[in-house]
Amino acid sequence: MTLALKSIVRLALATALVLLVPLVAMQFTQEVKWTLSDFVFMGTLLFGTGMAYLLLINRSGNAAYRLGSGVALAAGLLVVWVNAAVGFIGSGPNPANVLCAAVPIVAVAGALLGRLRASGMARAMLAAALTQAAVPLLALLTTEPRIELKSVEVLATAFFVGLWLLAAWLFRRVSFGHSR
């Protein structure tokens, strides 16, 4: 078995193990209620993120590029997961949470436009950070009825902005020729 195939098999097994957690929890508590579509969504999200990481780390042997890729992909996965599970703004379904979908779209589009080069990735992650910061501000200005941001929403936004900026900084280090 080739190294690439072994990596994909390990990724599939890791994804299955993670999905076993809610499956087992459903047997013991009514608090966890996943549908088949929840498992498919999460499995696709986890496996797809893992595949993206495997592809990105093969682009560069540079540790900062690999770490930046991991941070960026983790941020994207968490943004999608949190937004799908509970949303960033308000409780329950909230039209303002649709704005959050722009964050990973900006990151992916920017990375592709930058041809996955470190300098382009740095700009893409900076754009994702700015988009992440803009989401609650746009929600405040555009939603009816008017919303109030809670401190947890502000902290979550700051956390994700920090992740995107960390990824941008790591990619920037690579683009300036730092090898570590």
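Below is a summary of the structure that appears in this document. (Residues numbered from 1 in each chain as written. Predicted model: local features only at pLDDT ≥ 70, side-chain atom pairs only at ≥ 80, totals over all residues. Heavy atoms only, no water.)

1. What about the packing of aromatic side chains?
Consideration 1: Evaluated as defined, the whole model comprises four aromatic pairs.
Consideration 2: Consider the rings of Tyr65 and Phe171, whose centres lie 5.1 Å apart with planes at 75 degrees: the pair is edge-to-face. Placement of the pair is Tyr65 in helix α3 (residues 63-85) and Phe171 in helix α6 (residues 151-175), with a sequence separation of 106 residues. Pair check on accessibility: Tyr65 and Phe171 agree, each one buried.
Consideration 3: When the centroid spacing of 5.2 Å and the interplanar angle of 80 degrees are considered together, the rings of Phe159 and Phe160 count as edge-to-face.
Consideration 4: Judged by relative accessible area, which is 46%, Phe159 ranks as partly exposed.
Consideration 5: Among the aromatic residues, ring-to-ring pairing joins Phe88, Phe159 and Phe160 into one connected group. (Phe/Tyr/Trp six-rings, centres within 6.5 Å; stacked < 30°, edge-to-face > 60°. Helix = DSSP H or I, 4+ residues; strand = E, 2+ residues; numbered from the N terminus. Buried < 20%, exposed > 50% of the residue type's maximum accessible area, 1.4 Å probe, protein only.)

2. Examining the nonpolar core
Consideration 1: By size, the foremost hydrophobic cluster in this structure holds 33 residues, and its most contacted members are Tyr65, Ile89, Met125, Trp164 and Phe171.
Consideration 2: Secondary structure elements with two or more residues in this core: α3, α4 (102-113), α5 (118-142) and α6.
Consideration 3: Leave out the neighbours within four places in its chain, and Ile89 touches Asn94, Ala96, Asn97, Val135, Pro136, Ala139, Ile147, Leu149 and Glu153.
Consideration 4: Of all hydrophobic cores here, the second largest spans six residues; its members include Phe39, Met42, Leu45 and Leu77. (Core = buried A, V, L, I, M, F, W, Y, C linked by side-chain atoms within 4.5 Å. Contact = heavy atoms within 4.5 Å.)

3. With respect to a nonpolar patch on the surface
Consideration 1: Together, Leu17, Leu20, Leu23, Val24 and Phe28 line one region of the surface with nonpolar side chains, adding up to about 510 Å² of accessible area.
Consideration 2: Tracing the backbone through its elements, the reader meets Leu20 in helix α1 (residues 3-28). (Patch = residues over 30% accessible without salt bridge, like charges linked within 9 Å, V, L, I, M, F, W, Y side chains within 5 Å. Areas by Shrake-Rupley, 256 points an atom, 1.4 Å probe, with all protein chains shown as cover. Salt bridge = Lys/Arg side-chain N within 4 Å of Asp/Glu carboxyl O.)

4. What to know about the packing of α3 against α6
Consideration 1: Running from amino to carboxyl end, α3 crosses α6 at an angle of 160 degrees, the nearest separation of the two axes being 8 Å. Classified by the interaxial angle, the pair formed by α3 and α6 is roughly antiparallel. When the axes of α3 and α6 are compared, the crossing they make is left-handed. Residues Ala64, Tyr65, Leu67, Gly68, Ser69, Val71, Ala72, Ala75, Gly76, Leu78, Val79 and Val82 of α3 form the contact with α6, whose own contacting residues are Phe160, Leu163, Trp164, Leu166, Ala167, Leu170, Phe171 and Val174.
Consideration 2: When the residues that make up the contact of α3 with α6 are grouped by side-chain class, the tally is 17 nonpolar, three polar and no charged. (Axes fitted to C-alpha atoms, helices over the stretch in contact; angles between N-to-C directions. Parallel < 35°, antiparallel > 145°, perpendicular 65-115°, else oblique. Left-handed = near helix turned anticlockwise from the far one by under 90°. Nonpolar A, V, L, I, M, F, W, Y, C, P; charged D, E, K, R; others polar.)

5. Digging into α5
The α-helix winds at 3.6 residues per turn, so residues separated by three or four positions along the chain end up facing the same way.
Consideration 1: End to end, α5 covers 35 Å across 25 residues, agreeing with the expected 36 Å (1.5 Å per residue, within 8%).
Consideration 2: The axis of α5 is deflected most strongly, by about 30 degrees, at Ala134, and proline Pro136 appears within four residues downstream. (Expected span 1.5 Å × (residues − 1). Bend = angle between axes of the 7 residues up to and from the residue.)

6. A closer look at the packing of α4 against α5
Consideration 1: Look at α4 against α5: their axes get within 8 Å of each other, and the N-to-C directions meet at 165 degrees. In terms of orientation, α4 lies roughly antiparallel with respect to α5. α4 and α5 meet at a crossing whose hand is right-handed. Of the residues in α5, those in contact with Ala102, Val103, Val106, Ala107, Gly110 and Ala111 of α4 are Gly120, Met121, Ala124, Met125, Ala127, Ala128, Thr131, Gln132 and Val135.
Consideration 2: Looking at the contact of α4 with α5, its residues break down into eleven nonpolar, four polar and no charged.

7. Quick word on unusual backbone geometry
Consideration 1: At Arg115, a residue that is not glycine, the phi angle is positive and equals roughly 55 degrees.
Consideration 2: By the secondary structure assignment, Arg115 is in the loop between α4 and α5.
Consideration 3: Backbone geometry places Leu116, a non-glycine residue, at a positive phi of 60 degrees.
Consideration 4: Following the sequence through the fold, Leu116 ends up in the loop between α4 and α5.
Consideration 5: In this structure Leu116 comes out as partly exposed when scored by relative accessible area, which is 22%.

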